Amino acid sequence: MCIRKHVFGCYLFKIIFRAFIVDQQLAVLMKQRLVYVLICVVSFSMCSQAQIFKDLEKAAINKAKSMNTKENRDKLANALVKEMDRARSEFDSTDFDYAILLSDNSGLFDIKEKGEGTARFTSMVDLGSKAYRNESLTDADRARLNREMGEVLYGSQKYAAAEKKFSLAKDAYEKASLQKDVGYLKTLSNQGLLYATMGRYTQAEAFTSSALSLREQTFGKQDIGVAASLNNYGVLRYNLAQFNEAEQDLNSALAILVSKGMQTQMSYAILLNNKAMLFQAIGRYEESERILKQAIAVAEKLQSTKSRNHLKFLSNLALLYTVMKKYPEAEAICLGMENRLGKTNPDYASMLNNLASLYMLMQKEERVESLLKQSGDIYKSNFGENNPAYAKAISDLGNYYVYKNRLTDAAPLVEKALQIREVTLGTNHPHYVQSREDMAILLWKRHAWDDAVVHYKAAMQKSLDFIGSYFPPMSEAEKTKYWDVLSPRFQRFYSFAIDAAKVQPGIVEDIFDYQIATKALLLSSTNKVKESILNSGDKSLVHDYKVWLDQKETLARLYGYTQEDLKLQRINLDSMEQATNSMEKSLSARSADFSSGYSTKRITSKDIKAILAPTEAVVDIVRVQMFGNATTPGVKYLAVILTKEASLPRLTVIENGDQLETRYLKYYRNAVRQRIADDYSHAQYWAPIESQIAGKKVIYISPDGIYNQVNLNTLKKSDAGFVINRFDLVILGNSKDLIALKNRPARTSKKNALLIGFPDYGQGDLAPLPATKVEVETIGKVLKTSGYQVTSYMQKDATEAKLKSVKAPSLMHIATHGYFLQDVDRRESAFGVNVESASENPLLRSGLMLANAAATVSGHRMPNLESNDNGVLTAYEAMNLNLEGTELVVMSACETGLGDIRSGEGVYGLQRAFQVAGADAMIMSMWKVDDAATQMLMTSFYSNWIKLGNKQKAFREAQLQLMTKFKDPYYWGSFVMMGM
């Protein structure tokens, strides 16, 4: 400390001496202004002020050299004082400190833009000169001095000392009745930031809220000081895991800065950084990367690439790249920063933590332990133990020890992190919930099953609560990305439950309950929003919903354009996608019924069991990506079986999930296509389940993963025939749908049907389907005899535009070519959709061919914004159809049941599209179909439905009837029905 005082004192007097050589009178003036500052600040590090001193020295020498008369010297002295006062006044009135989000903590950001350092230093010099002249300090002087000293102490990580100075400043401002003074508002804001950095969030919220409220009252809601407080509130809410509110605050702050034309200033860069970190936390990685790069670009223009600000942004980018699995890019950033940060400050600790996480993922484990220990020591020395940043460091180290099976070393760290997070963050924070899961995993490894179950169930219940808290105002795309962040916890729980069930059989009930709470979650939430809007009676809301549908229709057409075409026509596709997403988000937030839907009582296995008949069973398939060391086999499938008589659900574990998804699926498909006997697939996919449902007839099955690509009815047991001969299978998207289906009131059906088939595709490679003409005509006659009003479109009338114009017919039957493009990388066009867009969205790679489709498929028809009819209805477009109240959609076409399989969410293709559009049930195909067999199947189905009044039984009966003519599953087993 003595050395630091000496160096700093010498530097100050060096400035004065250099000025003295040029002019003694200026030196006297500077001595009066500087000497008290020496007394005030020698007790703490002033390294960060070195540049200020250099700037003052340079200015003093240059100005002194320009003087040649006493009059000029007097003018210069007065002008210098006036300029210093002006700089301080301008800084006080326009500049505010902003909180900046790092990967694991928030801190006070020292903007250091032009004039800021000089203004802060000058203010303290001015106060020092009063003391030097033995002038008494006013309460306002003391308040400003304590505030500014507190800010310097805070910037030096002297948090306890800074807290005292801010408290003294606040008292002095209040004693002087200066509660509307800019400095008082900055003091409150600084206290909020200080307490947020220290992890004392309750105190932080009180001060941050007060600062925001007073700034709005004093300066108006569009003041840049209000923007600063909104930013700080956004950071605080991020730390409190109030992500929706945080995004609103940050967006409001950004809007203020944009309105002031401040997009090139550091405060704008900070806000961009903070928004990027928020998006990273909820899984919106691509948006986060784009925004963070914007922040870095702004910062680079304002400061050198060695500045602390720039390094903080880079640290965040490195963490983001780690999460995005861009490991080389992340490592390059971290290694480039390693020698550019102070070895004792929290920014360096954050970088070490990020580097340790990266090396774990890269399997470079030799440095992980030392990096995490060093990071924890830095946090502890800066913040003490009761701080979230320190908790993160020791939590990561504890989890590393669990991974290495050093459970004795891990236990105290995992327990300590849990305790700290409970005190500093509260029990509703995601980091606390993560610590509950960490503790459960530690206990799992120790085989302490009772305690492990307690911790895991607490973590899972909170995770379900997060869905209720965060989902309501999100768009579907945002929900998807957040669910990608949250869903791995459910996968880890299922892995744990497989082991725990051996000694804790009751946990199987939890597997079932968590699965039905989250299965098809994204589809369910989308449908809830739509239903809530359409039933709201709010004309404005419904109008905006229709506008949003129009925006999506426009996007669908734009997806046909290449990047070059979009550029030539000056169309910004990204902006249009963002606008459409924002509209969807607004609709979600305004749909009150949707928000309340998650707070209602959740359905459990007991609720479903109560409505089952003795001859019925529910089989819920769960795909599990196993959790553990890298050597753990990848995938297992669980069949959770619910029956009337069993007190608990039964669990069947199908161990060879990887083989089910690869070679066994290939064998099954080849056997079907080549019409050869398959006595093998039954043993792999169905035998483990069948052994648990003996004596049951009706099986409600909710598939997951690869079970969406296998028609279970077609599996044959060598000594007992096909599954369809022994069981009546009913496919559900989610097992809990059974309650709604069984309780559905009898409908007074409109009995109107839309039939589309035998389109005229035009000149090209699309083969016509004459059998579909017979199919449509025959079905039309059957339906008309039972009282249906039938509208049929064929040949040139079977257009995309006419299909899009329909309004919820009770029955829709489409007989044409269907497609699903698994891979489009080698194609020039994905049937009218740009390859780049199609590769990113499976709903653009699946569709139906209608009239005049050939020109689009061949690439001869160019995209046209004026027309919604290019002959190809993509699944993306089908989502916008008005099918609310449609009882059944039949897609009598090839491969209409295919798409991208997403665990827990089902098939992203036509199947999902028609569900979103509102259809209660669907019939769709799993492979390319035989025309004649399909025509017979469909005709039989409709005749049976009219006779039996139950479409599920009618469909099964039609397949059995076709089996008498065509033995091979290829003919009768292509189609499956989902729903009832």
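Definitions and limits used
Residues numbered from 1 in each chain as written. Predicted model: local features only at pLDDT ≥ 70, side-chain atom pairs only at ≥ 80, totals over all residues. Heavy atoms only, no water. Helix = DSSP H or I, 4+ residues; strand = E, 2+ residues; numbered from the N terminus. Buried < 20%, exposed > 50% of the residue type's maximum accessible area, 1.4 Å probe, protein only. Contact = heavy atoms within 4.5 Å. Areas by Shrake-Rupley, 256 points an atom, 1.4 Å probe, with all protein chains shown as cover. Phe/Tyr/Trp six-rings, centres within 6.5 Å; stacked < 30°, edge-to-face > 60°. Lys NZ or Arg CZ within 6 Å of the ring centre and 35° of its normal. Axes fitted to C-alpha atoms, helices over the stretch in contact; angles between N-to-C directions. Parallel < 35°, antiparallel > 145°, perpendicular 65-115°, else oblique. Left-handed = near helix turned anticlockwise from the far one by under 90°. Nonpolar A, V, L, I, M, F, W, Y, C, P; charged D, E, K, R; others polar. Expected span 1.5 Å × (residues − 1). Pairing = 2+ DSSP bridges. Core = buried A, V, L, I, M, F, W, Y, C linked by side-chain atoms within 4.5 Å. Salt bridge = Lys/Arg side-chain N within 4 Å of Asp/Glu carboxyl O. Lys, Arg positive; Asp, Glu negative; His and termini not counted. Polar contact = N/O pair within 3.5 Å; in protein donor to acceptor, adjacent residues only side chain to side chain. Arc of directions from axis to C-beta. 1 Å grid on protein atoms, 1.4 Å probe; cavity = no way out; pocket = protein on both sides within 12 Å on 5 of 7 lines; lining within 4 Å. Points joined across faces, edges and corners; volume = space filled by probe spheres on them. pLDDT = per-residue confidence, 0-100.

## With respect to the overall build of the chain
Per the secondary structure count, the chain includes 44 helices and 20 strands. Looking at the chain residue by residue over its 980 residues, the buried ones come to 58%. Excluding contacts between residues fewer than 6 apart, the proportion of contacts in the chain whose partners are at least 24 apart in sequence is 72%. Carbon and sulfur atoms make up 51% of the accessible area of the chain, which totals about 40300 Å².

## Re the packing of aromatic side chains
In the structure shown here, the tally under the stated rule is 35 aromatic pairs. Ring geometry for Tyr379 versus Phe383: centroids 6.0 Å apart, planes at 20°, classification stacked. Taken together, the residues span about one helical turn, with Tyr379 and Phe383 both in helix α17 (residues 368-383) at a distance of four residues. In this pair, the class of Tyr379 matches that of Phe383, namely buried. A network of ring pairs unites the aromatic residues Trp444, Trp449, Tyr456, Trp483, Phe490, Phe493, Tyr494, Phe496, Tyr514 and Phe627 as a single cluster. Here the basic side chain of Lys445 rests over the ring of Trp444, its NZ or CZ set 4.8 Å away from the ring centre. The ring of Tyr908 has Arg902 lying over it, and the distance from NZ or CZ to the ring centre is 3.9 Å.

## Re the packing of helix α16 (residues 346-361) against α17
Packing of α16 against α17 brings their axes to within 8 Å, and their N-to-C directions diverge by 155°. Between α16 and α17, the crossing angle belongs to the class labelled roughly antiparallel. Once α16 is placed against α17, the crossing between them reads as left-handed. The residues of α17 that touch α16, namely those facing Pro346, Tyr348, Ala349, Ser350, Leu352, Asn353, Leu355, Ala356, Tyr359 and Met360, are Val368, Leu371, Leu372, Gln374, Ser375, Ile378, Tyr379, Asn382 and Phe383. Split into classes, the residues belonging to the contact of α16 with α17 amount to 14 nonpolar, five polar and no charged.

## Comments concerning the packing of α16 against helix α18 (residues 388-403)
One can describe the packing of α16 onto α18 by two numbers: an axis separation of 11 Å at closest approach and a directional angle of 20°. Here α16 lies roughly parallel to α18, going by the angle between them. Read as a crossing pair, α16 and α18 show a hand that is left-handed. Every residue of α18 that contacts α16 at Asn353, Ser357 and Met360 is listed here: Lys392, Ala393, Asp396, Tyr400 and Tyr403. Residue composition of the contact of α16 with α18, by class: four nonpolar, two polar and two charged.

## Some words on helix α11 (residues 243-259)
Here α11 is 17 residues long and its end C-alpha atoms lie 24 Å apart, about the 24 Å a rise of 1.5 Å per residue gives. Those residues of α11 that are buried lie in contact with β1 (98-101), α10 (224-239), α12 (266-281), α20 (430-445), α21 (449-470) and α27 (573-590). Of the residues one or two after α11, Gly261 is the one with positive phi, at around 70°.

## Points about unusual backbone geometry
Even without glycine at this site, Ala241 takes up a positive phi of about 65°. With phi around 45°, Phe758 is a residue other than glycine that occupies positive phi space. Looking at where Phe758 falls in the secondary structure, it is placed in strand β10 (residues 752-759). Note on Phe758: relative accessible area 15%, which makes it buried.

## Topic: the pairing of strand β17 (residues 899-902)
Judged from the four bridges that link them, β17 and strand β18 (residues 906-909) form a sheet pairing that is antiparallel. Within β18, the residue paired with Ile901 across the bridge is Val907. Counted between consecutive antiparallel strands, the loop separating β17 from β18 contains three residues, among which Gly904 sits at a positive phi close to 80°.

## Side note on the environment of Gly657
Locating Gly657 in the fold gives a position in helix α30 (residues 657-660). Here Gly657 falls in the buried class, since its relative accessible area comes to 0%. Placed 48 residues apart in sequence, Gly657 and Gly705 show a C-alpha to C-alpha distance of 9.6 Å. Excluding anything up to four places from it in sequence, Gly657 contacts Val635, Lys636 and Tyr637.

## A short note on the nonpolar core
Residues Phe493, Tyr494 and Phe496 are the most contacted members of the largest nonpolar core, which totals 165 residues. Discounting chain neighbours no more than four positions away, the residues touching Tyr494 are Ile511, Tyr514, Gln515, Thr518, Val622, Val624 and Leu638. Formed by 86 residues, the second largest nonpolar core is a distinct cluster that contains Tyr561, Tyr707, Val723 and Phe831.

## Here we look at the pattern of salt bridges
Any two side chains of opposite charge can pair, so long as their charged atoms come close to each other. Overall, the coordinates contain 46 salt bridges when judged by the stated rule. Residues Arg284 and Glu247 are paired through a salt bridge, measuring 3.5 Å at the closest nitrogen-oxygen approach. Placement of the pair is Arg284 in the loop between α12 and α13 (285-302) and Glu247 in helix α11, with a sequence separation of 37 residues. Between Asp620 and Lys519 there is a salt bridge whose closest N-O contact spans 2.8 Å. Of this pair, Asp620 sits in strand β3 (residues 616-625) while Lys519 sits in the loop between α23 (507-518) and α24 (521-534), and the two are 101 residues apart along the sequence. With respect to burial, Asp620 and Lys519 carry one shared label: buried.

## Observations concerning the sheet that holds strand β14 (residues 846-849)
Pairing is antiparallel across the open sheet formed by three strands, whose spatial order is β13-β14-β15. On the outer flanks of this sheet lie β13 (818-820) and β15 (872-874), each paired with one strand and no other. Across this sheet, the average inter-strand angle for adjacent strands is 25°, counted without regard to direction. For β13 and β14, the ladder comprises three bridges, and the chain directions are antiparallel. Among the inter-strand pairings, Gly818 is bridged to a residue of β14, identified as Leu848.

## A short note on the side chain of Asp513
Structurally, Asp513 can be placed in helix α23. One buried charged residue, Asp513, forms no salt bridge at all, with the nearest opposite charge on Lys606 at 6.1 Å. One polar contact links the side chain of Asp513 to the main-chain amide nitrogen of Ser605, over a distance of 2.8 Å. Setting aside residues up to four positions removed in sequence, Asp513 forms contacts with Thr604 and Ser605.

## So, helix α36 (residues 770-785)
Note on helix geometry: an α-helix contains 3.6 residues per turn, so any two residues three or four positions apart are oriented the same way. The first and last C-alpha atoms of α36 sit 24 Å apart over 16 residues, in line with the 22 Å expected at 1.5 Å per residue. Listed as buried for α36 are Ala771, Thr772, Glu775, Val776, Ile779, Gly780, Val782 and Leu783. Projection of α36 onto a plane perpendicular to its axis shows the buried side chains occupying an angular sector of 165°, all on one side. Exposed residues on α36 whose side chains face more than 90 degrees from its buried face are Pro770, Lys781, Lys784 and Thr785. Residues of α36 that are buried sit in contact with β10, β11 (789-795), β12 (811-815), β16 (888-892) and α42 (931-948).

## Details of empty space enclosed by the protein
To find leftover empty space, one rolls a probe the size of a water molecule over the atoms. Scanning the entire structure with this criterion turns up four cavities of 30 Å³ or more. Estimated volume of the largest cavity: approximately 260 Å³. Lining the largest cavity are 22 residues, with Val710, Asn711, Ile731, Val976 and Met977 positioned closest to its centre. Mapped by element, the contributors of at least two residues to the lining of the largest cavity are β9 (728-731), α43 (951-963) and β20 (975-978).

## A few points about the pairing of strand β19 (residues 922-925)
What you see with β19 is no split at all: Met922 and Met924 on one side and Ile923 and Ser925 on the other are buried throughout. With two bridges connecting them, β16 and β19 associate as parallel partners. Following the sheet pairing, Val890 is matched in β19 by Ile923. Pairing analysis gives four bridges linking β19 to β20, with the strands arranged antiparallel. Residue pairing for β20: Met922 is matched across the bridge by Met978.

## Overview of the confidence of the model for the chain
With 83% of its residues at a pLDDT of at least 70, the chain reaches an overall mean of 82. Contacts for the low-pLDDT stretch residues 105-110, under 50 throughout, to residues beyond four places or in other chains number 33 contacts.

## Observations regarding the side chain of Ser495
Position of Ser495 among the secondary structure elements: in helix α22 (residues 476-500). When its relative accessible area of 1% is taken as the criterion, Ser495 is described as buried. At a separation of 3.1 Å, a polar atom in the side chain of Ser495 contacts the main-chain amide nitrogen of Phe627.

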